[in-house]
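Now for the letters of each chain:
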Amino acid sequence: MKSIQVSARTVQKAIDQALKDLNLSQDEVDIKILDEGGLFRKAKVEIFYEEKENPILEESNYSENKSLSIQEDKLKEEKEVKNLSKDLDEIESLSIEFLSKIFKYMGVETEIDVEKKDSEYYFVATGENAKNVNRIIGRRGETLNSIQEVLKNVVRNKGYKEKVFFTVGDYKNKRENSLIALAQRTARKAVKIGKPIKLEPMCAYDRKIIHTTLQDFEGVTTQSEGQEPHRYLVVIPKR
């Protein structure tokens with residue numbers, strides 16, 4: 001019995017690619033999942049099969065076909081990115097290219113809307129499949145915040161000073177309402193006890209909402225402390 005190992009964005013895509021290269025059906029092989037993949041790595045499977053008397057696929061042919069397949073995927077991806085980049089400025093193009101690649105690795109189909117306000121860019125992932133889109137958010141927004149942080153560094157490393165923010169669907173509105181309520185409760189408590197209150201670490205976008213909500217709140221000021229990605233806000237009562 002022979003075997004081959006194939007990597008792709010998802011386990012199913014890896015299986016489909018192997019079956020296509022081997023010209024076999026799923027009933028004719030045994031499948032072992034080596035890696036289910038993740039945000040920054042591909043899924044990997046090993047396919048076990050019996051060699052036929054007149055095998056269609058020799059090892060050399062498989063390597064050649066695999067190489068061609070990789071080249072075709074790369075050209076297809078570059079074409080998609082080029083189409084996305086049309087009529088966008090450089091920051092929009094760079095950000096959408098990065099986010100599109102992340103979503104492909106995650107196996108999530110989504111669209112990306114862009115809103116620009118002065119020197120700030122807001123990227124919003126939208127899609128009909130709520131379950132898949134929710135994977136981008138993660139537990140308590142952890143995955144979303146990680147993508148936001150990497151996106152910020154991608155833009156910064158290209159020399160741009162503009163701020164970029166990323167969110168998913170109406171999560172932004174729900175999160176904003178939740179943060180506004182949190183800011184107001186915390187401000188009232190800080191004034192009542194007369195002591196600063198430290199909030200949990202937040203991404204830059206969430207901190208901005210807290211700052212904005214309390215900038216005209218009588219009796220308190222806010223300041224950011226700590227280092228990313230553990231930077232947090234302190235609500236301070238005025239003396």
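One can find the structure itself at the top, above this paragraph.
Here is a short report on the structure shown in this document. (Residues numbered from 1 in each chain as written. Predicted model: local features only at pLDDT ≥ 70, side-chain atom pairs only at ≥ 80, totals over all residues. Heavy atoms only, no water.)

Digging into unusual backbone geometry
Next up, step 1: For Asp118, which is not glycine, the phi torsion reads 55° and is therefore positive.
Next up, step 2: With respect to the helices, strands and loops of the structure, Asp118 is situated in the loop between β4 (111-117) and β5 (120-126).
Next up, step 3: Its relative accessible area of 76% is what places Asp118 among the exposed residues. (Helix = DSSP H or I, 4+ residues; strand = E, 2+ residues; numbered from the N terminus. Buried < 20%, exposed > 50% of the residue type's maximum accessible area, 1.4 Å probe, protein only.)

A short note on the packing of helix α3 (residues 90-106) against helix α5 (residues 142-157)
Next up, step 1: It is the contact of α3 with α5, at a shortest axis distance of 10 Å, that shows an interaxial angle of 140°. Put simply, α3 runs oblique to α5. Every pair of crossing elements has a handedness; the one defined by α3 and α5 is right-handed. Across from Ile91, Leu94, Ser95, Phe98, Leu99, Ile102 and Met106 in α3, the residues of α5 making contact are Thr143, Ile147, Val150, Leu151, Val154 and Val155.
Next up, step 2: Across the contact of α3 with α5, the residue classes break down as eleven nonpolar, two polar and no charged. (Axes fitted to C-alpha atoms, helices over the stretch in contact; angles between N-to-C directions. Parallel < 35°, antiparallel > 145°, perpendicular 65-115°, else oblique. Left-handed = near helix turned anticlockwise from the far one by under 90°. Contact = heavy atoms within 4.5 Å. Nonpolar A, V, L, I, M, F, W, Y, C, P; charged D, E, K, R; others polar.)

Concerning the pattern of salt bridges
Next up, step 1: The tally for this structure, following the rule as stated, stands at six salt bridges.
Next up, step 2: Here Glu120 and Lys208 are joined by a salt bridge, their closest N and O atoms 3.5 Å apart. Remark: Lys208 occurs in helix α7 (residues 204-214) and Glu120 occurs in strand β5; sequence separation between them is 88 residues.
Next up, step 3: For Glu120, a relative accessible area of 14% translates into the label buried.
Next up, step 4: In this structure, Asp206 engages Arg175 in a salt bridge whose closest nitrogen and oxygen atoms are separated by 3.1 Å. (Salt bridge = Lys/Arg side-chain N within 4 Å of Asp/Glu carboxyl O.)

Regarding the nonpolar core
Next up, step 1: In this structure, Leu99, Phe123, Ile136 and Phe166 are the most contacted members of the largest nonpolar core, which totals 23 residues.
Next up, step 2: Here this core takes eight residues from α3, the largest share from any one element.
Next up, step 3: Ignoring anything within four residues of it in the chain, the contact list for Ile136 reads Phe103, Met106, Val108, Thr110, Ala125, Thr143, Leu144, Ile147, Phe166 and Val168.
Next up, step 4: Of all hydrophobic cores here, the second largest spans 17 residues; its members include Ala187, Ile209, Ile210 and Val220. (Core = buried A, V, L, I, M, F, W, Y, C linked by side-chain atoms within 4.5 Å.)

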